[in-house]
Structures are given as structure tokens and as C-alpha cells.
Amino acid sequence: MRLLLQLLVNGVAAGGVFALFTVGFALVYNTTRIFHVAHGAVFTVAAYATYAGARLLHLPLVAAAVAATGVAVLLGLAIEAWAYRPLRRRGAGLGALMIGSFGVSIVLQSVIGLLFGAQEQTVRSDPLPSLVVAGVQITGLHAAVLALCAVLFTLLQLFLTRTATGNQIRAVADNPELAALVGIDPGRLYLVIGALGAGLAGLAAPLTALDTGIALGNGFSVLLLGAVATIVGGVGHLPGAGLAAFGLGIVQNLSVYVLSPQWQDAVVFVVLGVFLIARPQGLFGELLRRS
Amino acid sequence: MPAPLLELIDVSRHFGGVRAVSGVSFGVEPRQITSLIGPNGAGKTTIFNLISGLLPPTGGTIRYQGASLDALPPQARARAGIGRAFQDPRVFQHLSALDNARLGFPGQSGERLAYGLLRWKRVQTEDRLLGEAAEAMLARVGLAECARLRAGDLSFGQQRFLSLVRTLAMRPRLLLLDEPTVGLTLEEVGALARLLRELAAGSQTVLLIEHNMDLVMEVSDSVILLVEGQIVAAGAPAAVKRHPKLMEAYFGAGHGP
Amino acid sequence: MDYALHLLVVIGIYTILVVSLNLAWGYTGLLSFTHAAFAGVGAYGTALLLMRLRLGFVPALLLACLLAAGLGALLCAVTARLGGDYFILAVLGFQIVATAVFLNWVSLTRGPFGLLGIPKPTVFGHAITTTGEYLALVAVCAGLVVALVHRTVTLPFGRMLRAIHEDEVAVLVLGKDVARAKVAVFALSAGCAAVAGGLYAHYYSYVDPFIFDIHESILLATMVVVGGRPLRGSIVGVVVLLLFPEALRALNVPGEITAYLKQLLYGSLLFAFVLLRPEGLVREGSA
């Protein structure tokens, strides 16, 4: 019983990290419709940046995390400006953009591999400050994740609904042709979205790095989870994606009770399968028919 | 009194807050040309998408040959005889004009993978015959020399006629034509009008969306005026032509709503 | 001389893979970063059926292909009616899960240790022992697969596939069953990929879960993008992309660095081609 509660707590915290990552992915996907594979690579780069900052440059942990987020934002801008925009300018369709995203992702991950090698690394050497409640350990990191989620999602919601740029972003997400007719310049918005999305991934990565360390193989797994959560939540529904990510984090962690942890990706895949068969529009989305 | 071939009953389609189509009801009589007219954004293409099954209605029902279409996906509606030509010709650019036309023919055994692989010779023969039929159809609209050309290399007008040939190859019971004269030269519009007259003489049922009023008045048996998602007038061409709402819809109000 | 034969065997095996992926992706537009997983099903399937159940090589290979085809059909059937992104996600997930299965179902696949000692095949009573004989086997299989794919694309079915790639909705309103066509072609594609996997397993006498992971799928995708849609393009893509690792080996670059350099090349080529030459090296002239 105590184990289950612990797994639940861990799951909520993991869910929080996934939610940050997923909302970043969903933000880009909902507005640009690009299957932004490179999002996973941004996550990986930020994780290794945290490691480099903390272990190689000996920065204090928080500083390393902040620096990593900054690196992620810059990377997000670079990807939009130097990868997606040139492709779009040559008339690339969504399929080609996605392949381009794959290419960028592979290049980034291989560079990380060349610089750091494949071994898993730990970032934090001291144990985390923690509290034990009813036999369950709640660490400072758990609390930090939840606090960050609360603050960031509130800020994001305010940004999207109260600012001019945010409203423009929502207009483009709802109806790109109409938005273009009304004179909204998508180029600038794509940069903003790219930076925001990457920033969210860049926040999620240090949190994971500080918790369980980093590994090169994580890029695609976390991308899979983010994409699945976006679909399970319902395409076009940002809070739904975040909620679904929380759910997946909890389900994944609870599944450790019965399955060995190596099956975590399979668990996510099974959830996807269930939704594709039973409810393809996701929890909150609407199934768009073609036209 | 024969039942209409197609019947829309109180059909609505909303997108978020926008009511693209509201409470639309009309019938399309068999062997007649019915025209759907109205200003841009009135919901005409949305109605076509609803009939083709590319969009589900938010309200109401559509009946075809007496039965409801609700459960049928687009390809089933097409097989039941509803042929759809889009506003944009949407020919397959990388295929030849001949291949485009051939794709219209229904029931091709060569389109089933297993059968095609096992009965190679028979499929080749059937396809050759279809090719001859397709060439004949292309010749009827003056595209005989273009048969082997890449569809993407044809002029816009040629692509328009090609897409019509492709749809007609389906032998549709109901032909949905969306603004066929857009982008055509005067000469081509004349050819299109001739084609429509031929179709009418051949008892083809057509639902036509058009802006070209001369053409509409000339070929239609019945006209429906759609404004902002609702039917505002319907009846014989001469009657609708004189309807005050028509002037208002096209040239703006000077009057109140 | 033996090295040249070995190289030809590898080219032959990859050609089968790339041709099958090209059928699904280049012709039909079904973007799949999962063909290595289908090859893995072919590899593990053939090896296990042969070693554990004592089936002959050809029956084992055929059964493994059927399994791969079934899995491909299932993936496609579930997502065919939904948008393209659902399909891409489903197949991506399949690749990741397949690697997890190969790695973790230890009782079946011996996990990270892989299957050792896979015997050389016996085809219709004739034991294949030398590299030259294996090349003949691979050449026959490659020939069959290429002929099958060529037939498929020259059928009216192939015409329909290319139309689906261009404009799926326009094909739907012509009354064609687009979903069924996609399922059929993806199943065929997966089955052919499995052939390559089975040939691989029995050539190297060894398989491990890392051979058929997402990085391999990415390599295959890069070969398709670089080569181009016509079937000749598939061979071009294979040869171009296999040259690089061979050059690295000749320069004695250490193993771990090689892996990342290869990835760097594939990713760069993928992006560069999509940006600068999306049709690939071999453009459509006649095919």
C-alpha cells in the first residue's frame, strides 16, 4: 500500500514533467500542425546542458537548470528560423516538414553523442531535501515540479488569452487561412511559438535530469509520450494535452507495480492503441473529418 | 409525384460559433439541373461537403434515393452514385490525363491488390479497354491530344475538363458541380455550357453551384438562393431571377435586413 | 573477392528493405519510421521458428513474413481512417515497442544477448554454406521482391496508390476504398521487409535487439529520400548510404564514434535532401 502511494506521488511528479513537455509539443502542433519530432531533441539537449552546467562547469544546480532552459529557448528559435522556415519557403508540406524535423532531431542527438557518449549520467550528487508523510517520501523536486506547473500553466493561459500575441496564436491555431486574411503575420508568431514550446521542454529536462539523471536514449521515448498525450487529450485542446500527460505519468509509474520498468514505452503505446480504437478524438478533442 | 433523388431536411452545420448552414431544406429532382446560387461564404460548398460525406452535419438529415445518408462514409456515397467535382479541379498532377480519367471508372478489378497480382493478364486486358473508353471521353471534351501528358502540365481550363471527365466516368446518378466556370476562358465556358446541355438532354441529374448567372438561367430547371447559410428563395429560374433578395444578396443592401 | 561478395549481400538485403519502404512511402505516402521493426520480426521470427520449432528455412521465412504483414495491416487498419499524423505516431510507437519487446522478452529473444548460432539455411534440400551461395539466395529474394513491387505499381492498384499519395480526398469521392488499399499495401510492404530480416539473421548467424531499432529505421528512410521514388532510386539510395560506413571502417575510426558519425550523416542528408532535392537523386522519368 505504501509502495502504491509512493508510486502515485512519483507518478504525479513525473506527470508534471511530462505535462510541461507535452504542452510545449502541443502548442507547436496545434498552431503549426508540424509533428515536431525535434521537440524530443530539444529536451535531450537541455538535459545534457544541465549536466554540463552542474558537473563540468560546477554551477549551482538552479543556475544550471536556468541556463539549460535558456539554451533550449535559443535552440527552439534556431530550429524555427533555420530549419522550418527555409523548408516552408520552398513549399514543403507537412510531411516534408516532419521529415526535416526528424533530420534535425537526429543531427542534434548525434552531436550530443559525440560530445558526451552514450552512458547514463547523474547530475546531482547530494540527496534531495524531502519530507516523509504517511510513510511516503515527497522530495523538494516533487514540490518544485508541481509549483512550476501551476505557475507556468497559469502564465501560459494568461498569455494566450490576455495578450495580443496570444490571441493571434489562438486565431492561427483555430483557422490559419482566416488568420492570414485578417493580416496576421505567421512568421513572427512561429518564432514565438517555437521559443515557448522549446522553453517548456527546456524546463522539463532539468527537472528530470536532477531527479533521475540523463541518458541519450530518452529523446524518442519522451517524444512518444508527448505525442500520445496530445492525441489522448484531444488535438487542439492544450489543457487536455497537459491533463493527459499527467495521467500518463501516473499510469506509467503505477504500472511498475505489476510490470518491470522496461515496459514503460509499451504502456504508453497500449494507451494510444486503446484511444485510437475507442475514442480517436481524445478526451476533449473533436475528430476533424477531411475536406 | 416521384420522390426527389436528393433531399436535405433541416440540415445545419456549425463551426464553433459560425453557422455555415442553418436549417436548410430542399430537394433535387431526378433528371433535372438544380442550381445553388448565392454570394461567397453563403455555405454552398459546405452543403456539397455535407452531401459528399466529408463533413458531418450538426443537425438535420440528408436522404438520397429515399434512404438516409448519415451512416455512409464518402466512398460509399460515391459508389451509390453521388459524383463530386470540386471547385479546384484537383486532378492528380503527377499522373497522365489518361490515368486521371481511368481512375474514375468504378469496380476495376485491378484495383484490388491480391486479384491484380494473381490475374495479371486479365487485369491488363481490362485496363486496356478502360483506357480506350477513357480516351473516347477525353476526345468528347477536346482533350484527345493531352491524353499522355502529365495532368499538372495542362492549362487550368484543361484540368477543369479533365476533372469533369474523371467524375463522369463514374456514371454518377447525381453530379455535384462546384463553380465549374471559374477560371475558364469565354470559349471554354461555351464548351462547358454545351456539355451541361448534353448532360441535361441525357437525363443526368445535376446540382450546380455557379456564379455565372447567364449559364444558371439558361440550363437550370430550378434555382435555390442561399444567403448566409439559409435558403432565401427557391423555384423556377425566371421567378428567382426577379426575387428582390437576389439583387440584395449580390449587390449589397441599400435596404434593411 | 570475398569482401566484394559480402558487400553485395548487404546491398541486396538493404535493397529489399528500401524497395518495400519505398512502396509504402514513396508511392503511397505512408510515412513509416518503423520498417526496421518489421525486419526484426522477420529476423527473430525466422530464426526462432527454425531453431525452436525445427521448421525449414523457407516455411519459417514465409510465416515470419505473414506475421509482419499482419502487424503492418493492424497498425494501418486502426489509423487509416484518421489523419496521417495518427498513422505516423502509431508506427513510431510500434518501432519503439518492438525494440522493447526484442530487448525485454528475454525468455523468447534472449534479450540483449541476442540469438546466437543461427544456422545457415537449407533451401529446397540444398544447404547454403558459402558467401557466394548466400549471394545467390539474396539475389533471388531481391529479384522476387522487386518484381512483386514493380507489378504492384504498374497495376491499376498502383495508379490508385499514387493518387492517394497526392490527394486522398479526391480518391475517396471517386468511390475507392482508400483505407483498404492502404492496409493492403502496408501489409505487403511489411511482409517484404521481413524477408530482408530473415536473410540478415541467417547470414550473420546472430541477431540482437539493437540492430532493428529506430536508428536503423531512420537509415532506411534516408535511403528512400536520397534515392528517390523510381525503383532504380532504391538501389542508388542503398549504395550511396552504405558507402559511408565502409569508408569509415577503412579509415579505422573507433566503433562508438562511428555510430554517431553515421547518425550525423543520415540526419544531415535527410534534412538536406528534403530541403534541396526532395525528389531524390533519381527523378521520375518513366516510372
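See the structure above.
Below, the structure is looked at part by part. (Residues numbered from 1 in each chain as written. Chains lettered and ligands numbered in written order. Predicted model: local features only at pLDDT ≥ 70, side-chain atom pairs only at ≥ 80, totals over all residues.)

A tally of helices and strands in chain C yields 12 helices and two strands. What you see in chain C, going N to C, is helices and strands ordered as α-α-α-α-α-β-β-α-α-α-α-α-α-α. Computed over its C-alpha atoms, the radius of gyration of chain C comes to 18 Å, within 12% of the 19 Å expected for a compact globule of 287 residues. In terms of overall dimensions, chain C has C-alpha extents of about 55 × 45 × 35 Å along its principal axes. Across chain C, the fraction of contacts at a sequence separation of at least 24, relative to all contacts at a separation of at least 6, is 78%. (Helix = DSSP H or I, 4+ residues; strand = E, 2+ residues; numbered from the N terminus. Rg over C-alpha atoms; globule rule 2.2 N^0.38 Å. Contact = placed C-beta atoms within 7 Å.)

Now for the overall build of chain B. From N to C terminus, chain B includes 10 helices and 10 strands. In terms of overall size, chain B behaves like a compact globule, its C-alpha atoms giving a radius of gyration of 19 Å where 257 residues would be expected to give roughly 18 Å. Overall, the C-alpha framework of chain B stretches about 65 × 40 × 40 Å when taken along its three principal axes. Looking at chain B as a whole, 42% of its 257 residues qualify as buried. (Buried ≥ 20, exposed ≤ 12 C-beta atoms within 10 Å, placed from the backbone.)

Residues and elements named next belong to chain C. Where helix 1 (residues 2–27) contacts helix 6 (residues 131–154), the axes come no closer than 9 Å and their chain directions differ by 20°. As far as their axial angle goes, helix 6 and helix 1 are roughly parallel. Between helix 1 and helix 6 the crossing geometry is left-handed. Taken together, the residues of the contact of helix 1 with helix 6 break down into 18 nonpolar, seven polar and one charged. (Axes fitted to C-alpha atoms, helices over the stretch in contact; angles between N-to-C directions. Parallel < 35°, antiparallel > 145°, perpendicular 65-115°, else oblique. Left-handed = near helix turned anticlockwise from the far one by under 90°. Nonpolar A, V, L, I, M, F, W, Y, C, P; charged D, E, K, R; others polar.)

Counting 278 residues, the largest nonpolar core has A:V45, A:A46, A:A72, A:V228, C:A68 and C:L270 as its most contacted members. Residue contributions to this core peak at 18 residues, all from helix 9 (residues 178–204) of chain C. Look past the residues within four positions of C:L270 in its chain and what remains in contact with it is A:I99, A:F102, A:G103, A:I106, C:A221, C:T222 and C:V225. (Core = buried A, V, L, I, M, F, W, Y, C linked by C-beta atoms within 7 Å.)

Here we take up the interface of chain C and chain A. The interface is formed by 32 residues belonging to chain C together with 37 residues belonging to chain A. Residue assignment for the side of chain C that touches chain A shows that the elements contributing at least two residues are helix 3 (57–79), helix 4 (84–104), helix 10 (214–227) and helix 12 (255–276) of chain C. Per element, the largest residue contribution to the side of chain C that touches chain A is 12 residues, and it comes from helix 12 of chain C. For the side of chain C that touches chain A, the class distribution of residues is 24 nonpolar, six polar and two charged.

What follows is about the sheet that holds strand 6 (residues 82–85) of chain B. Residues and elements named next belong to chain B. Here six strands make up an open sheet; going across it, the order is 6-7-8-3-9-10 and the pairing mixed. Sheet topology places strand 6 and strand 10 (230–235) at the edges, where each strand pairs with a single neighbour. Sheet twist, expressed as the mean angle between neighbouring strand axes with direction ignored, is 15°. Relative to strand 8 (residues 205–209), strand 3 (residues 33–37) runs parallel, the two sharing four bridges. Counted as the bridge partner of I33 is V206 from strand 8. Across the sheet, helix 1 (residues 44–52) touches strand 3, strand 6, strand 7 (174–178), strand 8 and strand 9 (222–227), and the angle it forms with strand 7 is around 150°. (Pairing = 2+ DSSP bridges.)

Moving on to the pairing of strand 7 of chain B. Residue and element names in this part refer to chain B. The buried fraction of strand 7 is high, at four of five residues. Bridge count between strand 7 and strand 8: five bridges; the pairing is parallel. Bridge pairing in strand 8 places L175 opposite V206. Read as a crossover between parallel neighbours, the route from strand 7 over helix 7 (residues 186–201) to strand 8 is right-handed. (Right-handed = clockwise from strand over helix to strand, strands pointing away.)

Here we come to the packing of helix 10 (residues 238–255) of chain A against helix 11 (residues 264–278) of chain A. Residues and elements named next belong to chain A. Closest axis-to-axis distance for the helix 10/helix 11 pair is 10 Å, and the angle between their directions is 130°. In terms of orientation, helix 10 lies oblique with respect to helix 11. At the point where helix 10 passes helix 11, the crossing takes the right-handed sense. Seen from helix 10, the contacting residues are L248, V251, Q252 and S255; seen from helix 11, they are Q264, V267, V268 and V271. Broken down by class, the residue content of the contact of helix 10 with helix 11 amounts to five nonpolar, three polar and no charged.

Residue and element names in this part refer to chain B. Read across the sheet, four strands follow the order 2-1-4-5 without closing on themselves; strand pairing throughout is antiparallel. The outermost strands of the open sheet, each flanked by one partner alone, are strand 2 (18–28) and strand 5 (67–68). In this structure, strand 4 (residues 59–64) lies alongside strand 5, joined through two bridges in antiparallel fashion. Its bridge partner being in strand 5, Y64 is matched across the sheet by A67.

Another aspect to go through is the environment of A:Q137. All names here are of chain A. Position of Q137 relative to the elements: it lies in strand 2 (residues 136–139). Judged by C-beta crowding, with 15 C-beta atoms within 10 Å, Q137 ranks as partly exposed. C-alpha separation for the pair Q137 and L5, spaced 132 residues apart in sequence, amounts to 9.4 Å. In contact with Q137, not counting residues within four places along its chain, are Q6, S130 and V132.

Residues and elements named next belong to chain A. One can find A204 in helix 8 (residues 186–212). The spacing of A204 and E80 is 124 residues in sequence and 20 Å in space, taken between C-alpha atoms. Here A204 is in contact with V17, L20, F21 and F43, once residues within four sequence places are set aside.

Residues and elements named next belong to chain B. You will see that R90, though not glycine, has its phi angle at about 50°, which is positive. The topology assignment puts R90 in the loop between strand 6 and helix 3 (97–102). Residue classification places R90 among the partly exposed positions, given that 19 C-beta atoms sit within 10 Å. Here the phi dihedral of E228 falls at roughly 50°; this positive angle occurs in a residue that is not glycine. Locating E228 in the fold gives a position in the loop between strand 9 and strand 10.

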